[in-house]
Amino acid sequence: MADIIQLLPDHVANQIAAGEVVQRPASVVKELLENAIDAGATSIKLIIKDAGKTLVQVIDNGKGMSVTDARLSFERHATSKIKTADDLFKLNTKGFRGEALASIAAIAHVELKTKQDHEDVGTCIVIEGSTVISQEVVVTPKGTSISVKNLFFNIPARRNFLKSNTVETRHIIDEFHRVALAHPNISFVMFHNGSETFNLPESNYRQRIVNIFGIKTNEKLVPVNEDTEVLQISGFVGKPEFAKKTRGEQFFFVNNRFIKSAYLNHAIGSAFEGLLKDGAHASYFLNLTVNPQTIDINIHPTKTEIKFDDEHTLYAILRSSVKHSLGQFNIAPVLDFERDANLDTPYSYQQKGTPSIEVDSNFNPFREDQQASNIATSYRKPTAASWEGLYVGLESKGTQTQQDFSEVHFESNSKNESFFDNDNQVEQKQSTYQFHNKYIVSTIKSGLLLIDQHRAHQRILYENFLKNMTIKEAMSQQLLFPLALHFSPQEIEIINQLKTDLEHAGFIFQAIKDELVEISGVPVSVPESEVSIILEQLISDVENEVPDSNFSATDLLAKSLAKSLAIKTGQSLTILEQEHLVNSLFACKEPNVSPTNKATFITMTVDALDRKFV
Ligand code: ADP
Ligand code: MG
């Protein structure tokens, strides 16, 4: 039989290998920025068009390349950064695999211009899909400029696989943040579609964080510094009261390289234990310095995971120094060991009859910051009153319920009474029953109905919001004192995009400024204390285009609000509330699925049950 094994042609091998290095425009951004840093640049400019799909360009003022090096840099395994495998353990550079440029050139149109300081002229190379189109002498400033156009032009499947511009831009900005945070001593500028999105001058670490995440970040930062034999830590953690619901600002850098580590993240989490509200995530910006010989960064092609020799020790040091910092800055004593246990449950229906109003005696509406800190405290103590607000979404309460309910034709429960007879909690007329604080059981003519309370409520709220936004007649509740909420410039941009829809949903904006949003009215169903969390969630949903990228902003907004506001699994509901929920669900247009297309209820017919008992 004839031989069948053949070597893949170079360009095919390069394309395959490229898949490992370049998953999306953001991967190109990362590789090019890292190369610029390795070249000793002090000033780096990133230019993006169409979320990097049309252009990613990085211009640096680093050491440049010689004519030969410029050509060689596009060869696979061509690197100036290691010579022997041993060098891997002494790495001070970001790159070392010599794969990035070869990979990028295999799947895009690349133009490189580079000049070394002592030369008069530089080199320009054009490569398209691994083929060198031209190489010539060019007049260009000291340093290197690489532009990458039409990414994946020769792999349409890959190109089609890219997400929307919003999502791809988000990934690019994430990479940009990581690199910029790791190198505050380098100045960075980023342009997207012709406008400047970041301008980060050379600065110290704290200023860099503030320049990226907004001026308000400054007061949230608690310094962490530790110097031990095996590990040095410097950086900041966010004060617990500013912790976010979404895992946004969490950065570990090991020897100036951004890394992800669930294990070290856990160490921070445990240092914050007891200080964070459920579901909130601490933010941190921490630089760890360890001996390069004690880590192995080679285990992952995109190099965000590393292996430490002695993880346990690092964990312990990290945890204790963060704890120490929190204590030193008087944050730990916030812990109140004697608080009422009732306050820990989001809903306590014993209190329901007498909603109490908390009066903050220090409250002074004329003090600028008061609102913000006021919100922070109200997160910690959900009162009965604030909870009630959640339920307003189900329109009126109480009196009307019984009457509405009759329209759904539920079977009378009188026949089952023997089952529940000994349970005096259950009222005679009860037609619903909640179990595991998660499902509501009811009976219908043909059998049993099992409703998922969280999904059902999402459906109800979703249709409500959608209706309000479409008819543009949402009811707003005016706030006594406008809320002033702080956001980063990017977040502000998203809020601006959604402004009209938010207004249709019932939000009233007094002003949207650089980093500040003033809100004077909110939808009736939205408790004031939740506004900031809801907007945060919304922004993160838009950024990730959860749940699906093909929906309109209105739809996304309705979904996000419904998700934030819906009663959660684990919340106990009174019988009235259960009935109201069931009733409102079946008044919906599409009662059987949640806004994200998951079943809201299942039925079990008597027949099916009978069969189980044979
Ligand atoms: P690696 O960074 O792993 O060495 P790359 O493919 O990213 O591999 O780059 C190959 C080589 O090209 C680098 O080792 C470096 O010598 C050179 N190079 C790449 N980008 C630049 C730049 N911006 N300035 C100077 N030299 C560069
Ligand atoms: Mg590189």
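Residues numbered from 1 in each chain as written. Chains lettered and ligands numbered in written order. Predicted model: local features only at pLDDT ≥ 70, side-chain atom pairs only at ≥ 80, totals over all residues. Heavy atoms only, no water.

1. Concerning the sheet that holds strand β13 (residues 284-289)
Thought 1: Strand order in the open sheet made by the five strands is β9-β10-β13-β11-β12, with mixed pairing throughout. Looking at strand neighbours, the two that pair on one side only are β9 (221-227) and β12 (257-259), the edges of this open sheet. Shown here is a sheet whose adjacent strand axes are inclined to one another by a mean of 20°, direction ignored.
Thought 2: Note that strand β11 (residues 250-254) and β12 share three bridges and pair antiparallel. Note on β12: the bridge partner recorded for Val-254 is Arg-257.
Thought 3: Here helix α9 (residues 311-328) sits on the sheet in contact with β9, β10 (232-238), β11 and β13, set at roughly 135° to β9. (Pairing = 2+ DSSP bridges. Helix = DSSP H or I, 4+ residues; strand = E, 2+ residues; numbered from the N terminus. Axes fitted to C-alpha atoms, helices over the stretch in contact; angles between N-to-C directions. Contact = heavy atoms within 4.5 Å.)

2. Here we look at the pattern of salt bridges
Thought 1: In total, this model carries 15 salt bridges according to the counting rule given.
Thought 2: Among the ionic pairs, Arg-24 bridges to Glu-168, the shortest N-O distance being 3.0 Å. Here Arg-24 is found in the loop between α1 (10-21) and α2 (25-38), whereas its partner Glu-168 is found in helix α6 (residues 165-182), with 144 residues between them in sequence.
Thought 3: Counted as one network, the salt bridges with shared partners bring together Lys-244, Glu-249 and Glu-491. (Salt bridge = Lys/Arg side-chain N within 4 Å of Asp/Glu carboxyl O.)

3. Digging into the site of ligand 1
Thought 1: Taken together, 18 residues lie near ligand 1, and Asn-35, Thr-79, Ser-80, Lys-81 and Gly-98 sit nearest.
Thought 2: The contact in question runs from a nitrogen atom of ligand 1 to an N or O atom on the side chain of Asp-60, over 2.9 Å.
Thought 3: Within the side chain of Thr-79, an N or O atom sits 2.5 Å from an oxygen atom of ligand 1.
Thought 4: Relative to its free-state accessible area of 530 Å², ligand 1 is covered by the protein chains to the extent of 92%.
Thought 5: Split by residue class, the shell around ligand 1 holds six nonpolar, eight polar and four charged. (Near = heavy atom within 4 Å. Polar contact = N/O pair within 3.5 Å; in protein donor to acceptor, adjacent residues only side chain to side chain. Areas by Shrake-Rupley, 256 points an atom, 1.4 Å probe, with all protein chains shown as cover. Nonpolar A, V, L, I, M, F, W, Y, C, P; charged D, E, K, R; others polar.)

4. Remarks on the packing of aromatic side chains
Thought 1: Here the structure, examined in full by the defined rule, presents 14 aromatic pairs.
Thought 2: Considering the side-chain rings of Phe-252 and Tyr-284, the 4.6 Å spacing of their centres and the 40° angle between planes classify their relative orientation as tilted. Highlighted residues: Phe-252 in strand β11 and Tyr-284 in strand β13, separated in sequence by 32 residues.
Thought 3: Taking the relative accessible area as the measure of exposure, Phe-252 reaches 2% and is therefore buried. (Phe/Tyr/Trp six-rings, centres within 6.5 Å; stacked < 30°, edge-to-face > 60°. Buried < 20%, exposed > 50% of the residue type's maximum accessible area, 1.4 Å probe, protein only.)

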